[in-house]
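Observations on the three-dimensional arrangement
Single-letter residue listing:
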Amino acid sequence: MASPERETAATPQEKHDGAPHSKLSLRLWLRMLSCVMVIEKQVRRQLIDQFGTTLPRFDLMAALERRPDGMVMSELSKSLMVSSGNVTSVVDRLIEDGFVSRTTAQNDRRSIIVKLTAKGRREFNRMANAHEEWFDKLFSDMSDYEIERLLVRLGDLRSSVDKRLPEIDAMDPGA
């Protein structure tokens, strides 16, 4: 990563290496995507190799770990940004393994609450500790300062994207 002294603020229309801003934007997107894909592939492989589990199962257990009282299936689906059918099939397999339980909500018999069991919490904690170690190793060539700086810049990028989404949506001819 560039040292702070080498960082420069470019104007939105400024060209770099002869490339217009749009080309830089595409290069940035492709670089971020390639990083995510390589890292995700490694995490998926480690989860299977070390724990015999999948990333969707890990993600679902992580969501439940953050909510010890459990979550309604629709909340879980929304939290994971996947269809309720996908959540149901993952939950079913986790129930078979004894990692989660499914009960009917007392205040609404139509709602199903899913929560980690004690066994599920122990297994998730084992996986989460290993998961943290994998990321420490993957990012070990970056200093804390570089990571903090990248976090700030990615936060700026997220804010910019969120701000521009309505403009992009308005460009959609099918909207």
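In case you missed it, the structure is sitting above this.
Bear in mind that the values here come from a model prediction, so they are computed numbers and not experimental data.

It is worth spelling out the nonpolar core at this point. Grouped together as the largest cluster of nonpolar side chains are 25 residues, with contacts concentrated most on L47, L60, L64, L76 and V91. With 7 residues, the single largest contributor to this core is helix α2 (residues 55-65). Not counting chain neighbours up to four residues away, the residues in contact with V91 comprise L60, M73, L76, V100, R102 and V114.

Positionally, S77 belongs in helix α3 (residues 73-80). Apart from residues no more than four positions distant in its own chain, S77 is found in contact with V82, S83, S84 and V87.

Moving on: helix α1 (residues 21-51). For α1, with 31 residues, the first-to-last C-alpha span of 44 Å sits near the 45 Å given by 1.5 Å per residue. The inward-facing, buried residues of α1 contact α2 and α5 (118-138). Directly after α1, the chain includes G52, whose backbone phi takes a positive value near 60°.

Attention now moves to the sheet that holds strand β3 (residues 112-116). The 3 strands are arranged β1-β3-β2 in an open sheet whose pairing can be described as antiparallel. Each end of this open sheet is capped by a strand with a single partner; those strands are β1 (71-72) and β2 (100-104). The pairing of β1 with β3 spans 2 bridges and is classified as antiparallel. Bridging across to β3, V72 finds its partner in I113. Packed onto the sheet, α2 meets β1, β2 and β3 and runs at close to 95° relative to β3.

Right, let's get into the environment of F135. Looking at the secondary structure, you find F135 in helix α5. Under the relative-accessibility criterion, F135 is labelled partly exposed at 23%. As a C-alpha pair, F135 and I39 span 96 residues in sequence and 8.8 Å in three-dimensional space. Residue contacts for F135: discarding those within four places in its chain leaves I39 and V43.

As a further point, take the packing of α3 against helix α4 (residues 84-96). Where α3 meets α4, the axes come as close as 9 Å, and the angle between the chain directions of the two elements is 110°. Between α3 and α4, the interaxial angle falls into the category roughly perpendicular. In contact with M73, L76, S77 and L80 of α3, α4 contributes S84, V87, T88 and V91. Residue classes in the contact of α3 with α4 are distributed as 5 nonpolar, 3 polar and no charged.

Reading the values: the criteria
Residues numbered from 1 in each chain as written. Predicted model: local features only at pLDDT ≥ 70, side-chain atom pairs only at ≥ 80, totals over all residues. Heavy atoms only, no water. Core = buried A, V, L, I, M, F, W, Y, C linked by side-chain atoms within 4.5 Å. Buried < 20%, exposed > 50% of the residue type's maximum accessible area, 1.4 Å probe, protein only. Helix = DSSP H or I, 4+ residues; strand = E, 2+ residues; numbered from the N terminus. Contact = heavy atoms within 4.5 Å. Expected span 1.5 Å × (residues − 1). Pairing = 2+ DSSP bridges. Axes fitted to C-alpha atoms, helices over the stretch in contact; angles between N-to-C directions. Parallel < 35°, antiparallel > 145°, perpendicular 65-115°, else oblique. Nonpolar A, V, L, I, M, F, W, Y, C, P; charged D, E, K, R; others polar.

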